[in-house]
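The lines below spell out each chain.
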Amino acid sequence: MSNRNLSRRDFLKLASAAILTASGLLGLGGLFRFLNTQTAPLPPDEFLLGPASNYPPGSRTLLPDIPALLLHAQSGFLAISLICPHLGCTVESKPEGFFCPCHGSRFDPQGTVTRGPANKPLRNLRVEVTSDNKLRLYTN
Amino acid sequence: MRRYFLLAVSFSLLLGLLVTAWQESRHPTPISQTPTLTGQVEYCLTCHAELEEISSSHPVNTFGCVLCHGGERLSLDANLAHSTMRGGKNPSDFTVVQDSCGGANCHSGISESNNDHIQRATTSIQATYAGAIANIRYTFGIRPDLKAGVGVFAVQVPRSTSGITELAAFDPTQETNPFIQIFSQNCLTCHLSALPLPGKEYFRFTGCSACHTPTQSAYLSDADQIQSNQIHKLTTVISYTQCDTCHNRGNYDLRTMTFEPRQDLSTDRLHDYYQPIAQFTSCEWMLDCIDCHTRTEAMGDGNLYSVKKDIQYIQCKTCHGTLTELPQIRTLTDPNDLAFRLALLNPVIDLKVGDTLLVTEKNEPLWNIRVLPGGTYELFGKADDQRYIFRPVKGSACLQDLTRQDSGSCHQCHSEER
């Protein structure tokens, strides 16, 4: 038999210390989790599209993630936003222009409104050719 | 004693932290979306990802949920998230519709743009119920005529061209005639703000959804869905069964001032669905109500009216003409013609510039009825998607009296045997 009997006082002291330690660890864990909360990222406003050579002259490339239509015209690269200026639906690209499936707005191939309810053209987006001949598109 | 106290406090602290951690662990991992129209993150799809798109005009990635429904967009606690929703499950209820569906680009625009839906619907006779109330108050001597003075809610339309610019709220407690008080208790069940009568055949929502959420189509195909009210759909495809949640659902008994509801929901539409004494031409029982009746007849034109006949004007001759006149037509030349927008919402017909449509006496496009080269017409059923061919009266052997153009006169020869 050991002589080291735990007195009631020591037991209470030990139990309190253990519980407080556990509480502290739990609280620290919560704080750590709170501080590490990942907020939803803002939508990107800049997109790298890869080598310009991927988009030959005359090409029309749908970029659904942006969403935009990239054109390689004689004057260079340009992009048309596929966000309808009426209420923000994604318009569909067709040979005769663009069509909004939500409310029926239509746009010609340059993005000009031909039928409402939209009353503004589709936005032109800036496309830049980088020094290493890659394309970068800006939505803002 | 102090030791016990310290232990109790420590234990309580640990217990509180454990409960908090447990509650946190029960929250689902949020599924976020950022609608393009609001640009604000919302977590509604965490629990509601299985809901179908409400309509092709309101895609969730554009509108999200909160713009129409309200609610706490970042809460993962169901009670808190739903605590500030507009109109409960129905944001189109007229008490909240302006906040939910309004806006100049949405449904409270100007009449010239044909998107003043809220203004028209909330002043329509189906919303105000002014006609029925006026009729009863006239019958019992409260008013000297049938001109409407009160509706189920107060409404003002200063620019109304009907001669009625405002309605006061109907207050049964101010009525002295006991029959009118009984009327208020028993007969105010069929306006657009009234809850439906008990029974699945009456089930509909209130406000815009009374007509535009197809509860009766759902009833016919999925009884469980309608019982749980889990119908997430807005449509302009409105079948006659939806209209019948209010119309043709029974009779008013003026002796007892009660509504005697029908209990059946027959599928034999001609023989036992409608009132036995009524007469119908094939148009009236084969087509859906919206195939002939226009948007302004159903939803109003923004003016206040006393009786249904002031706003409902379609007759047989609107489509069939008379012995001397063909029905009115319009060739589509403007890509912004209202007909294109209406056909987009319910694409039963492929309209093109150059097509010739029938139009009503008020120049409303009957966008589902196109003129064919041989002088006949094709009608596309807005709800049944069927194609019907019909002829004008002119040039036929019809014996109509030119001075009698109501449908009752046409029934004399053209009603179906029942």
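Residues numbered from 1 in each chain as written. Chains lettered and ligands numbered in written order. Predicted model: local features only at pLDDT ≥ 70, side-chain atom pairs only at ≥ 80, totals over all residues. Heavy atoms only, no water.

(A) Structural view of the overall build of chain B. Across its full length, chain B holds 21 helices and 10 strands. The long-range fraction of contacts in chain B, counting pairs at least 24 apart against all pairs at least 6 apart in sequence, stands at 54%. Element-wise, carbon and sulfur atoms account for 56% of the exposed surface of chain B, whose accessible area totals about 22200 Å². (Helix = DSSP H or I, 4+ residues; strand = E, 2+ residues; numbered from the N terminus. Contact = heavy atoms within 4.5 Å. Areas by Shrake-Rupley, 256 points an atom, 1.4 Å probe, with all protein chains shown as cover.)

(B) The arrangement of the overall build of chain A in detail. A count of helical and extended segments in chain A gives one helix and 10 strands. Reading chain A from its N end, one meets helices and strands in the order α-β-β-β-β-β-β-β-β-β-β. Its C-alpha radius of gyration of 30 Å places chain A more than 25% over the 14 Å reference for a compact globule of 140 residues. Counting every position in chain A, which comprises 140 residues, the buried fraction comes to 36%. For chain A, restricting intrachain contacts to residue pairs at least 6 apart in sequence, the fraction spanning at least 24 positions comes to 35%. (Rg over C-alpha atoms; globule rule 2.2 N^0.38 Å. Buried < 20%, exposed > 50% of the residue type's maximum accessible area, 1.4 Å probe, protein only.)

(C) Examining helix 9 (residues 130-139) of chain B more closely. Residue and element names in this part refer to chain B. Within helix 9, burial applies to Ala130, Gly131, Ile133, Ala134, Ile136 and Arg137. On its buried face, helix 9 is in contact with helix 8 (125-128), strand 1 (150-151), strand 3 (166-169) and helix 10 (178-186). Remark: glycine 141 follows helix 9 within two positions and exhibits a positive phi of approximately 80°.

(D) Representation of the sheet that holds strand 5 (residues 92-94) of chain A. Strand order in the open sheet formed by four strands is 5-6-7-8 (chain A), with antiparallel pairing between adjacent strands. A single partner strand is all that each edge strand has here, and the edge strands are strand 5 and strand 8 (113-115) of chain A. (Pairing = 2+ DSSP bridges.)

(E) Examining the nonpolar core more closely. Residues and elements named next belong to chain A. Judged by nonpolar contacts, the single largest core of 15 residues is most densely connected at Cys84, Val91, Phe98, Cys100, Phe107 and Leu122. Setting aside anything within four residues of it in sequence, one finds cysteine 84 in contact with Cys89, Val91, Cys100, Ser105, Phe107, Ala118 and Leu122. In this structure, Tyr55, Phe77, Ala79 and Leu137 belong to the second largest nonpolar core, which totals 14 residues. (Core = buried A, V, L, I, M, F, W, Y, C linked by side-chain atoms within 4.5 Å.)

(F) Spotlight on the interface of chain A and chain B. Contacts between chain A and chain B engage 27 residues on the former and 27 residues on the latter. Taken together, the two surfaces of chain A and chain B that pack against each other cover about 2300 Å², and 67% of this comes from carbon and sulfur. Per-residue buried area on chain A facing chain B is highest for Leu12, Leu87 and Arg115 of chain A; these three make up 24% of the total on that side. Remark: the boundary between chain A and chain B carries zero salt bridges. At the boundary of chain A and chain B, one finds six residue pairs in polar contact (both at pLDDT 80 or more). Secondary-structure elements contributing two or more residues to the side of chain A that touches chain B are helix 1 (8-35) and strand 8 of chain A. The greatest single-element share of the side of chain A that touches chain B, amounting to 13 residues, is contributed by helix 1 of chain A. In the side of chain A that touches chain B, the residues fall into 13 nonpolar, nine polar and five charged. (Buried area = accessible area lost by both parts, 1.4 Å probe. Salt bridge = Lys/Arg side-chain N within 4 Å of Asp/Glu carboxyl O. Polar contact = N/O pair within 3.5 Å; in protein donor to acceptor, adjacent residues only side chain to side chain. Nonpolar A, V, L, I, M, F, W, Y, C, P; charged D, E, K, R; others polar.)

(G) Structural context of the environment of alanine 49 of chain B. Residues and elements named next belong to chain B. Mapped onto the secondary structure, alanine 49 falls in the loop between helix 2 (45-48) and helix 3 (60-63). Exposure remark for alanine 49: the relative accessible area of 54% places this residue in the exposed category. Sequence separation of alanine 49 and isoleucine 31 is 18 residues, and the distance between their C-alpha atoms is 8.7 Å.

(H) Looking closely at the state of the cysteines. Summed over the entire model, instances satisfying the criterion amount to one disulfide over all chains. Between the sulfur atoms of cysteine 89 of chain A and its disulfide partner cysteine 102 of chain A the distance amounts to 2.2 Å. Judged by the sign of its S-S torsion, about -100°, the cystine formed by cysteine 89 of chain A and cysteine 102 of chain A is left-handed. With cysteine 89 of chain A in the loop between strand 4 (76-81) and strand 5 and cysteine 102 of chain A in the loop between strand 6 (97-99) and strand 7 (106-107), the pair connects residues that are 13 residues apart, well separated along the chain. Each of the two residues, cysteine 89 of chain A as well as cysteine 102 of chain A, counts as buried. In this structure cysteine 47 of chain B is not part of a disulfide, and its nearest cysteine sulfur, from cysteine 44 of chain B, lies 9.1 Å away. Looking at cysteine 289 of chain B, it has no disulfide partner, and the nearest cysteine sulfur is the one in cysteine 243 of chain B, 3.8 Å off. (Disulfide = S-S within 2.5 Å.)

(I) A look at the side chain of threonine 235 of chain B. Residue and element names in this part refer to chain B. With respect to the helices, strands and loops of the structure, threonine 235 is situated in the loop between helix 13 (223-227) and helix 14 (240-243). From its side chain, threonine 235 meets the backbone nitrogen of valine 237 in a polar contact 2.9 Å long. If sequence neighbours within four positions are ignored, threonine 235 has contacts with His212 and Pro214.

(J) Geometry of the packing of aromatic side chains. Residues and elements named next belong to chain B. One pass over the structure, following the stated rule, counts four aromatic pairs over all chains. A ring pair is formed by phenylalanine 170 and phenylalanine 183, whose centres lie 6.3 Å apart and whose planes are at 65°; its orientation type is edge-to-face. Taken together, the positions of phenylalanine 170 in the loop between strand 3 and helix 10 and phenylalanine 183 in helix 10 put the pair 13 residues apart, joining distant regions of the chain. One exposure class covers both phenylalanine 170 and phenylalanine 183, and it is buried. (Phe/Tyr/Trp six-rings, centres within 6.5 Å; stacked < 30°, edge-to-face > 60°.)

(K) Just the sheet that holds strand 9 (residues 377-380) of chain B, in detail. All names here are of chain B. Pairing is antiparallel across the open sheet formed by five strands, whose spatial order is 6-7-8-9-10. Of all the strands in the sheet, the pair left with one neighbour each is strand 6 (329-331) and strand 10 (387-390). Neighbour-to-neighbour, the strand axes of this sheet turn through a mean angle of 40°, independent of strand direction. Packing against the sheet, helix 20 (residues 338-345) makes contact with strand 7 (356-359) and strand 8 (365-371), and its axis sits at approximately 90° to strand 8. (Axes fitted to C-alpha atoms, helices over the stretch in contact; angles between N-to-C directions.)

(L) Here's a closer look at the pairing of strand 9 (residues 124-129) of chain A. Residue and element names in this part refer to chain A. For strand 4 and strand 9, the ladder comprises two bridges, and the chain directions are antiparallel. Considered in strand 9, the bridge of isoleucine 80 is made with asparagine 124. The antiparallel hairpin formed by strand 9 and strand 10 (residues 134-138) contains four residues in its connecting segment, where asparagine 133 sits at a positive phi of about 65°.

(M) The pairing of strand 7 of chain B, seen in detail. Residues and elements named next belong to chain B. Burial along strand 7 is two-sided: Thr356 and Leu358 facing one way and Leu357 and Val359 facing the other are all buried. As judged from the three bridges shared by strand 6 and strand 7, these two strands associate in the antiparallel manner. When the bridges of strand 7 are listed, isoleucine 329 appears paired with leucine 358. Across three bridges, the pairing between strand 7 and strand 8 is antiparallel.

(N) A look at unusual backbone geometry. Cis geometry is found at the peptide bond from isoleucine 66 of chain A to proline 67 of chain A, where omega equals -20°. Turning to its location among the elements, proline 67 of chain A is positioned in the loop between strand 2 (60-63) and strand 3 (68-73). Residue proline 117 of chain A is reached from glycine 116 of chain A by a cis peptide bond, and omega for that bond is 15°. Structurally, proline 117 of chain A can be placed in the loop between strand 8 and strand 9. One non-glycine residue, methionine 257 of chain B, lies in the positive phi region at around 55°. Within the secondary structure, methionine 257 of chain B sits in the loop between strand 4 (250-253) and strand 5 (258-261). We classify methionine 257 of chain B as buried; its relative accessible area is 2%. Within the chain, asparagine 363 of chain B stands out as a residue other than glycine whose phi angle is a positive 65°. Following the sequence through the fold, asparagine 363 of chain B ends up in the loop between strand 7 and strand 8.

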